[in-house]
Amino acid sequence: MVDFSLSDTERDIRDWVRNFVQRELMPLEPEVLRRERAGQRGLTKDELVELQNKAKEAGFWGVQTPEEYGGMNLSAVMAALIEAELGRTYVPFRFGGYADNILYYANEEQKQRYLLPTIEGTRKSCFAITEPGAGSDAKNLRTTAVRDGDDWVINGEKTFITGGIDADFVMVFAVTDREKGANGGVTCFLVDRDMGWKSEPIDIMGPDERQPAALVFDNVRVPAENVLGEVGNGFGLAMQWIGRGRYLLPARALGSCERLVEMGAEYAKNRETFGAPIADRQAIQWMIADSAVEIEALRWLVLQAAWQVDQGMDSRHAQSIAKLFGATHANQIVDRVLQIHGGMGYTKELPVERWYRDLRLLRIFEGTDEIQRRTIARNVLKGHASLGGALG
Ligand SMILES: Cc1cc2nc3c(=O)[nH]c(=O)nc-3n(C[C@H](O)[C@H](O)[C@H](O)COP(=O)(O)OP(=O)(O)OC[C@H]3O[C@@H](n4cnc5c(N)ncnc54)[C@H](O)[C@@H]3O)c2cc1C
């Protein structure tokens, strides 16, 4: 039997987040816009922590973090539903109690120094694989780590590293065996900022909280005990980090699209031209209709990919499909909603242009549209994935 309904518990959790977004986050929206227009961060770090603590008091902490680390250990489907609710606002909020999935490969001693403080929110991580010459083609990385006594010495440059400006430590990927390359010759290192790497902010079109950094490693000496996992297994870890929840990115966009179309519909009903609301015009109705169809399709692609994760299936194909569809269609939808708002859509008085800039990133990071298509096509051509989807 195919069952598309939520259980009572799932509905309760989803509704709790929906209320939290409406009660705690949406009222902050005008102030977030005002600050961003003045070149400041939408939410200060203290405000974010205060909101996270408020959610924690209600038991909302570490959505997918294992219970033994104080988290809720919710399913992928639940995490997707929560992300969609958070996506309904542009207030840059995320629940606390989170750590990067690959930090769970840390040994006991590393867990104390890196994993636990990251979950607690007292230390901040960043993930660095991309380099000026290695983005989509991540296997082409050139940063090197050379063994020297009890240390490794890292040299190279990383770019576009989210959180790289504030991070206390970086999970950086470097070549430790040139011959083996990505097949056993790349290693992940946990490198504290005070070991000597430098970061330089990169200005982007999106909102400031997304601002990435270039990281420079100039003879940075790292003790051998800071290798994460095994020497040589870094590329696998990097792919695990990137694949940790590709469905969560389009899930967030799904919520944003729902809200945007609601705003567009509301505006269309109230804006009159030539003696009638623009909502009466077929040109506008079709934009709303196409958006509603795409939102519905996206919802099921996201939930289906998340469901495959929960079933322990190989969900990579479904996740690539959800990411590609979400990225391309969210961008079409925000463009239509901007169009419905006419000149007002192009101003900074409304949040539409902010969403327009923010959603554009979805087509680029964590696998561009083209790279998702490449993966999907390869799976189909090689017979790794059935066009019948999860039903076979
Ligand atoms: C705001 C932001 C945050 C980011 N955060 C991080 C982070 O935290 N950590 C990190 O390591 N990286 C991060 N990235 C890097 C991001 O993952 C890369 O930008 C992305 O993978 C694309 O790589 P690239 O920019 O080098 O583009 P390129 O790989 O040079 O691609 C350029 C264009 O060519 C296309 N292309 C490339 N190869 C093919 C092909 N085989 N077939 C068809 N088309 C192709 C691409 O799709 C793209 O359109 C971030 C990027 C941004 C913009």
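Residues numbered from 1 in each chain as written. Predicted model: local features only at pLDDT ≥ 70, side-chain atom pairs only at ≥ 80, totals over all residues.

Under the annotation held in an unreviewed UniProt entry, the protein carries the name Medium-chain specific acyl-CoA dehydrogenase, mitochondrial and is attributed to Saccharopolyspora rhizosphaerae. In UniProt, the protein has this text filed under Cofactor (unreviewed entry): "FAD". In the Sequence similarities (unreviewed entry) part of its UniProt record, the protein is described as follows: "Belongs to the acyl-CoA dehydrogenase family." (UniProt positions renumbered as here; feature names shortened; annotations may be inferred.)

**Student:** Would you explain the site of the ligand in this entry?
**Tutor:** Near the ligand there are 21 residues, and of these T130, G135, S136, T368 and E370 occur at the shortest range. Elements with a contribution of two residues or more to the shell around the ligand: β1 (125–128), β3 (151–162) and α12 (369–381). A per-class count over the shell around the ligand returns eleven nonpolar, five polar and five charged. Counting the residues that make up the shell around the ligand, at least three belong to each of domain 2 (108–113 + 119–241) and domain 3 (244–391). (Near = placed C-beta within 6 Å. Helix = DSSP H or I, 4+ residues; strand = E, 2+ residues; numbered from the N terminus. Nonpolar A, V, L, I, M, F, W, Y, C, P; charged D, E, K, R; others polar. Domains from an automatic or database assignment.)

**Student:** Would you mind going over the environment of A238 with me for this structure?
**Tutor:** As for its position among the elements, A238 is in helix α6 (residues 234–242). Ignoring sequence-local partners within four residues, the contact set of A238 consists of I129, A138 and F173. (Contact = placed C-beta atoms within 7 Å.)

**Student:** Quick question: what am I supposed to make of the packing of helix α9 (residues 316–340) against α12 here?
**Tutor:** To describe two helices that pack against each other, one gives the angle between their axes and the distance between the axes. Contact pair α9 / α12: the axes reach a minimum separation of 9 Å and the direction vectors enclose 145°. At the point where α9 passes α12, the crossing takes the left-handed sense. Along the contact surface, α9 presents H317, S320, I321, K323, L324, A327 and T328, while α12 presents D369, Q372, R373, T375, I376 and N379. (Axes fitted to C-alpha atoms, helices over the stretch in contact; angles between N-to-C directions. Left-handed = near helix turned anticlockwise from the far one by under 90°.)

**Student:** Is there a simple way to explain helix α5 (residues 108–120) in this structure?
**Tutor:** For an α-helix, 3.6 residues make a turn, and residues three or four places apart therefore share a direction. At Y114, α5 shows its strongest bend, of approximately 30°, with the proline P117 following within four residues. Where the residues of α5 are buried, they touch β1, β4 (169–175) and β5 (186–192). Immediately downstream of α5, the backbone of G121 shows phi near 90°, a positive value. (Bend = angle between axes of the 7 residues up to and from the residue.)

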